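Summary of structural features
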Amino acid sequence: MTSNSTSTPDTVPSPGNRRRGAPLARYVFAATLVRSADGGAVVAIVLLAQASGLPGSVAGLLGAAITAPHLLGPFIARRLDTARDGRKVIAASAVLHGVLLGAAAILLPITWPPVAAALLFASGLFGPMLTGGISSRLPAIAGPAQRSQRRAQSWDVASYGISGTLGPAAVAAIAATADPLTATLALAAAAVLGAGAVLVLPRHEPRDATVEVPSPVRTLRLILSNGALRRTLGLTITVAFSVAALPIYAVTAAPMLGGASAAGTLVAAYGAGNLLGSAGMMLRPLRGEADRLTTALAVLVAATLTAVMLAPTLTTALVAFGLAGIGNAMFFAATLAARSEYAPAQSRGQVFIWVGALKIAAGSAGTAAAGATITHAAWAPLALVSALTVIAATASIADRSRPRRSKP
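Presented here is a report on the structure given in the accompanying data block. Residue positions are given per chain, counted from 1 along the sequence in the order it is written. Local features are withheld for residues below a pLDDT of 70 in this predicted model, meaning they are given only at 70 or higher, and side-chain atom pairs are given and counted only at 80 or more; totals for whole chains, interfaces and linings count all residues. Where side-chain values are given, they derive from all heavy atoms of the structure, hydrogens and water being excluded.

1. Topic: the overall build of the protein
Put simply, DSSP marks the helices as runs of H or I at least four residues long and the strands as runs of E at least two long, and each gets a number from the N terminus on. Along the backbone of the protein there are 17 helices and zero strands. Each of the three principal axes of the protein carries a C-alpha extent, and together these read 65 × 50 × 50 Å. Exposure classes here rest on a 1.4 Å probe applied to the protein chains alone. A residue is buried below 20% of its type maximum, exposed above 50%, and partly exposed in between. Within the protein, the proportion of its 408 residues that are buried is 50%. Residues are treated as being in contact if the distance between any of their heavy atoms lies within 4.5 Å. Considering only residue pairs separated by 6 or more positions, the protein has 84% of its internal contacts joining residues 24 or more positions apart. When the accessible surface of the protein is totalled, it reaches about 17800 Å², and 69% of it is carbon and sulfur. Of the side chains in the protein, 31 bear a positive and 13 a negative charge, and the two mean positions are spaced by 4 Å. The Shrake-Rupley method, run with a 1.4 Å probe, gives the accessible areas here. Residue values count only the displayed protein chains as cover. Asp and Glu count as negative and Lys and Arg as positive, but His and the ends of the chain are not part of the count. Here the site of a charge means NZ on Lys, CZ on Arg, CG on Asp, or CD on Glu.

So this is what it looks like as structure tokens:
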């Protein structure tokens, strides 16, 4: 794929690059805030439920109440594509997410759990707007050049990684020094503050009112009928299912690698690798056609999962987990590029949210599958998902190689 850029080289910062730098920094700040609120919510609610004396089963159901609605996100995402100003839709979603989360936290210790669960379910409905929804705003901020787009997507991957760590870590720290209710309310406040940051992002060009915005179901059909988007979705689901096995494997393998405490170190190595991969792509953005990149990088993820499985010592396992994090960061950036470059403008927001919602569902299924298969042997889930990822990549290559039907 050729770049759209005919401007000065990246080594010479042009005025256009400087003008885009500030909006990108604001984007990363806003995205990290709202995603931290979304990512830390489950930990906060589970801690609050336990502090309120509720049994572990109820705490788990309350946590699920805020994550399960992500699957319904695509059915409210059309508003993002039809709105005159998508920033207001995302900001309103962040505010509602925060207010509903805060209300559930306040009511949980003093009312029936189903009341809090209903509020958490409503809060979770807006979660996809804070993940895939805000990512769909990035192409206009980054500018038209492919290199700028790819570098901005690397920052977006870093935002996901930072918020995925920052949200739960902040909850744990505040809960330890104050209490879980304070921690949950702090997350709710972060979501509201993030809404304000979203509103100062650059406004997109207004959409063409003569172009029809498809329904969520039609958008899904569009994804499945578009070869590049179909392959991106299939590989995204497969890789999300696969890497979800890593935390389960870390807990199981830790006693054999030096003690139970090694599990946290292994997971931290994966997170560090993810951030290192993002940083590397900021300096040297991915090149090439996004469709082919996703296939190649899925194979890389499979290779790193195999390396994790074969690592005989804690040191080699730490390196392998770090490499898995780097591989997954690169793959994620390639999928963001594919969504940006292949999604129709009139349904870009819905495409981002559909892929993100199905990715979350696949990750949950992967965790469950890893827990079910690891009882046979510690290496079993990684062997399974590595093979599955290679099969999916092979299917992607075969799908791309099929001759296109000529239109009558």
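2. Observations regarding the packing of aromatic side chains
Stacked, edge-to-face and tilted are the three classes for Phe, Tyr and Trp ring pairs, Trp counted by its six-membered ring, which pair at centre distances within 6.5 Å; planes under 30 degrees apart are stacked, over 60 edge-to-face, the rest tilted. Under the defined criterion, the tally for this structure stands at two aromatic pairs. Ring centres of F75 and W354 lie 5.6 Å apart, and the angle between their planes is 70 degrees; on these two criteria the pair is classed as edge-to-face. With F75 in the loop between α2 (56-67) and α3 (78-82) and W354 in helix α16 (residues 348-373), this pair connects stretches of sequence that are 279 residues apart. Both rings, one in Y160 and one in F332, keep their centres 4.9 Å apart while their planes meet at 65 degrees; by these two values the pair is edge-to-face. Separated by 172 residues along the polypeptide, Y160 in helix α8 (residues 146-177) and F332 in helix α15 (residues 314-342) bring together distant segments of the chain. Residue F332 is classed as buried on the basis of its relative accessible area of 9%. Directly above the aromatic system of Y160 lies the positively charged group of R35, at a separation of 3.8 Å from the ring centroid. To sit over a ring, a charge needs its Lys NZ or Arg CZ within 6 Å of the ring centre and within 35 degrees of the ring normal. In this structure, K359 packs its charged tip against the face of F332, placed 3.7 Å from the ring centre.

3. Some remarks on the nonpolar core
To form a nonpolar core, buried Ala, Val, Leu, Ile, Met, Phe, Trp, Tyr and Cys residues must be joined to one another through side-chain atoms within 4.5 Å. Counting residues in hydrophobic clusters, the biggest one holds 45 residues, and the most contacted among them are L246, Y249, L286, V308, F321, F331 and L382. Residue assignment for this core shows that the elements contributing at least two residues are α11 (227-243), α12 (245-253), α13 (262-283), α14 (290-310), α15, α16 and α17 (380-401). When residues of this core are assigned to their parent elements, the largest contribution, 10 residues, is made by α15. Residues within four places of L246 in sequence aside, it is in contact with Y270, L305, V308, F321, A324 and L382. Listed in part, the 25 residues of the second largest apolar core include L24, L138, A142 and A195.

4. A few points about the environment of R287
Looking at the secondary structure, you find R287 in the loop between α13 and α14. According to the relative accessible area criterion, R287 is exposed, its value standing at 52%. Residues contacting R287, with those up to four places away along its chain left out, are R147, R150 and L293.

5. Observations regarding the side chain of T335
Summarising the element assignment, T335 is placed in helix α15. Polar contacts, as used here, are pairs of N or O atoms within 3.5 Å; protein pairs need one atom able to donate a hydrogen and one able to accept it. Residues neighboring in sequence count only if both atoms are side-chain atoms. At a separation of 2.7 Å, a polar atom in the side chain of T335 contacts the main-chain carbonyl oxygen of F332.

6. Some remarks on the pattern of salt bridges
Should a side-chain nitrogen of Lys or Arg be within 4 Å of a carboxyl oxygen of Asp or Glu, the pair is scored as a salt bridge. Overall, the coordinates contain 10 salt bridges when judged by the stated rule. Note that R292 is salt-bridged to E289, the shortest N-O span being 3.2 Å. Because the salt bridges share partners, they merge into one network encompassing R230, R231, D291, D399, R400 and R402.

7. A word on α12
Burial in α12 covers these residues: A245, L246, Y249, A250 and A253. Along the axis of α12, the buried positions cluster into a sector of 135 degrees, meaning they face one direction only. Summarising the geometry, the arc corresponds to the directions from the helix axis toward the C-beta atoms.

8. Digging into the packing of α14 against α17
Convention adopted: a line fitted to C-alpha atoms gives each axis, helices being fitted over their contacting stretch, and angles between N-to-C directions are expressed from 0 to 180 degrees. Viewed as axis vectors pointing N to C, α14 and α17 meet at an angle of 165 degrees, and their least axial separation amounts to 9 Å. With respect to each other, α14 and α17 are oriented roughly antiparallel. Remark: the crossing between α14 and α17 carries left-handed chirality. Note on element contacts: α17 touches α14 through L382, A383, V385, S386, T389, V390, A393, S396, I397 and R400, opposite D291, R292, T295, A298, V299, A302, L305, T306, V308 and M309. Reported orientations rely on four angle classes, namely roughly parallel under 35 degrees, roughly antiparallel over 145, roughly perpendicular from 65 to 115, and oblique for the rest. For any helix crossing, the convention is left-handed if the near helix is rotated counterclockwise from the far helix by under a right angle, and right-handed if that rotation is clockwise.

9. Comments concerning the packing of helix α4 (residues 86-107) against helix α9 (residues 180-199)
The geometry of α4 relative to α9 is characterised by a closest axis approach of 8 Å and an angle of 170 degrees between their N-to-C directions. Taken together, the axis directions place α4 and α9 in an arrangement best described as roughly antiparallel. Counting all contacts with α4, which are made through R87, K88, I90, A91, A94, V95, H97, G98, L101, G102, A105 and I106, the residues of α9 involved are L181, T184, L185, L187, A188, A191, V192, A195, V198 and L199. In terms of residue class, the contact of α4 with α9 is made up of 16 nonpolar, four polar and two charged. Three classes are used: nonpolar for Ala, Val, Leu, Ile, Met, Phe, Trp, Tyr, Cys and Pro, charged for Asp, Glu, Lys and Arg, and polar for all others, with Gly counted as polar.

10. Structural notes on the side chain of H97
With respect to the helices and strands, the residue H97 is situated in helix α4. Looking at H97, the relative accessible area reads 0%, which means it is buried.

Treat this as a map of the structure, not an account of what it does.
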